[in-house]
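Chain by chain, the residues:
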Amino acid sequence: MNIIFDLDGTLIDSRDRLYALFSDLVPESTLTFADYWAAKRAGVSNIELLTNNFKYTDGKLKSFHCKWMDQIESVHYLDFDTVHVGIEKMLESISDTANLFVCTARQNRDVAITQLNTLGLAKYFDMVLVTAQKVSKDQLITKYISSLSRSDWIIGDTAHDIKVGKLVGLNTCAVNNGFLSSDVLKRYAPSMVIESVASLAISKLNECFLQLHLSSS
């Protein structure tokens, strides 16, 4: 079995990083951490927040986006990241029976791998796939994971992860411990939704796959 994990929000808690950068780039903002993430988990984008709450013009939106992309993976902000509770124990428990991959939309592969090493997670993965904002996740998955089958899974916390999984014929597991709430994630009809990726188990995936297979036959 191949299991492909998204990185930010799924394995790593990046909420502090994103909120800190947003607050620094939008000094006029009075949004608390709770306010910001209530909006984000409801599916509100930064662009929508800036447009609706702060009346940003197209020029200011473009400037914000450029600064965001330039700084979001800097050492200063990455230091805010932590590993979600229970992740390492979960990875250790499934790594003997599944091939594990990371597939992330990060810009810099070296930086992503360095962070995974620093956080003690790199050793669990067969490969780290990074789009570098040049290719799509589905392109990376189909190019570098040659043994894909209909029993394989993609695990993520966004609608994009669910869409990618469906595009390449994978089962999709959405996790509620990331950037979107389970209510929002369910709109995209993932194969299953779990509260936290730390609770992931091969037995749960196999059980869900069997149910899906039986219901479609």
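All residue numbers refer to position in the chain's written sequence, counted from 1. Under the rules for a predicted model, residues below a pLDDT of 70 receive no local features and side-chain atom pairs below 80 are neither given nor counted, while totals for whole chains, interfaces and linings still include all residues. Excluding hydrogens and water, the side-chain values take into account all heavy atoms of the structure.

Before going further, it helps to examine the overall build of the chain. Each helix and strand in the chain was counted, giving 11 helices and eight strands. Its C-alpha radius of gyration of 18 Å places the chain within 12% of the 17 Å reference for a compact globule of 217 residues. Its C-alpha atoms put the chain at 55 × 35 × 30 Å along the principal axes. Buried means the residue's accessible area, taken with a 1.4 Å probe over protein chains only, is under 20% of the maximum for its type, while exposed means over 50%, and partly exposed covers the values in between. Looking at the chain residue by residue over its 217 residues, the buried ones come to 47%. Two residues form a contact once any of their heavy atoms are found within 4.5 Å. Put simply, of all contacts in the chain between residues at least 6 apart along the chain, 65% involve residues at least 24 apart. For the charge count, each Lys or Arg is scored as positive and each Asp or Glu as negative, with His and the chain ends excluded. Each charge is placed at NZ for Lys, CZ for Arg, CG for Asp and CD for Glu. Put simply, the chain has 21 plus and 25 minus side-chain charges, and the middle of one group is 5 Å from the middle of the other. Secondary structure elements follow DSSP: runs of H or I of four or more residues count as helices, runs of E of two or more count as strands, with numbering from the N terminus. Radius of gyration: C-alpha atoms only; globule rule: 2.2 Å multiplied by the number of residues to the exponent 0.38.

Salt bridge, as applied in this entry: a Lys or Arg side-chain nitrogen positioned within 4 Å of an Asp or Glu carboxyl oxygen. Inspection of every chain in the model, using the stated rule, returns eight salt bridges. A salt bridge links Glu 88 to Lys 123, with the shortest nitrogen-to-oxygen separation between them at 3.6 Å. Taken together, the residues span a long stretch of sequence, with Glu 88 in helix H6 (residues 87-94) and Lys 123 in the loop between helix H7 (109-118) and strand E5 (127-130) at a distance of 35 residues. When its relative accessible area of 64% is taken as the criterion, Lys 123 is described as exposed. For Lys 137, the salt bridge goes to Asp 161, with nearest N and O atoms at 2.8 Å. Linking Lys 137 in helix H8 (residues 137-144) with Asp 161 in helix H9 (residues 159-167), this pair joins segments that are 24 residues apart in sequence. Side by side, Lys 137 and Asp 161 carry an identical accessibility label, which is buried. Taken together, the shared-partner salt bridges connect Asp 8, Arg 17, Asp 81 and Arg 106 into one network.

This brings us to the sheet that holds E5. One open sheet holds the six strands; their spatial order is E5-E4-E1-E6-E7-E8, and the pairing between them is parallel. On the outer flanks of this sheet lie E5 and strand E8 (192-194), each paired with one strand and no other. Strand-to-strand twist across the sheet, computed as the mean angle between neighbouring axes with direction ignored, equals 25°. When strand E1 (residues 2-5) meets strand E4 (residues 99-104), the two strands line up parallel, connected through four bridges. Residue Asn 2 lies in a different strand from E4, and its bridge partner there is Asn 99. Every axis in this analysis is a line fitted to C-alpha atoms, fitted for helices over the stretch in contact. Angles between the N-to-C directions lie between 0 and 180 degrees. Lying over the sheet, H6 contacts E1 and E4, oriented at roughly 160° with respect to E1. Note on pairing: two strands pair once DSSP finds at least 2 bridges between them.

The set of residues buried in helix H1 (residues 15-25) consists of Arg 17, Leu 18, Tyr 19, Ala 20, Leu 21, Phe 22 and Leu 25. Buried-residue contacts for H1 involve helix H2 (33-41), helix H3 (46-54), helix H4 (58-71) and helix H5 (75-78).

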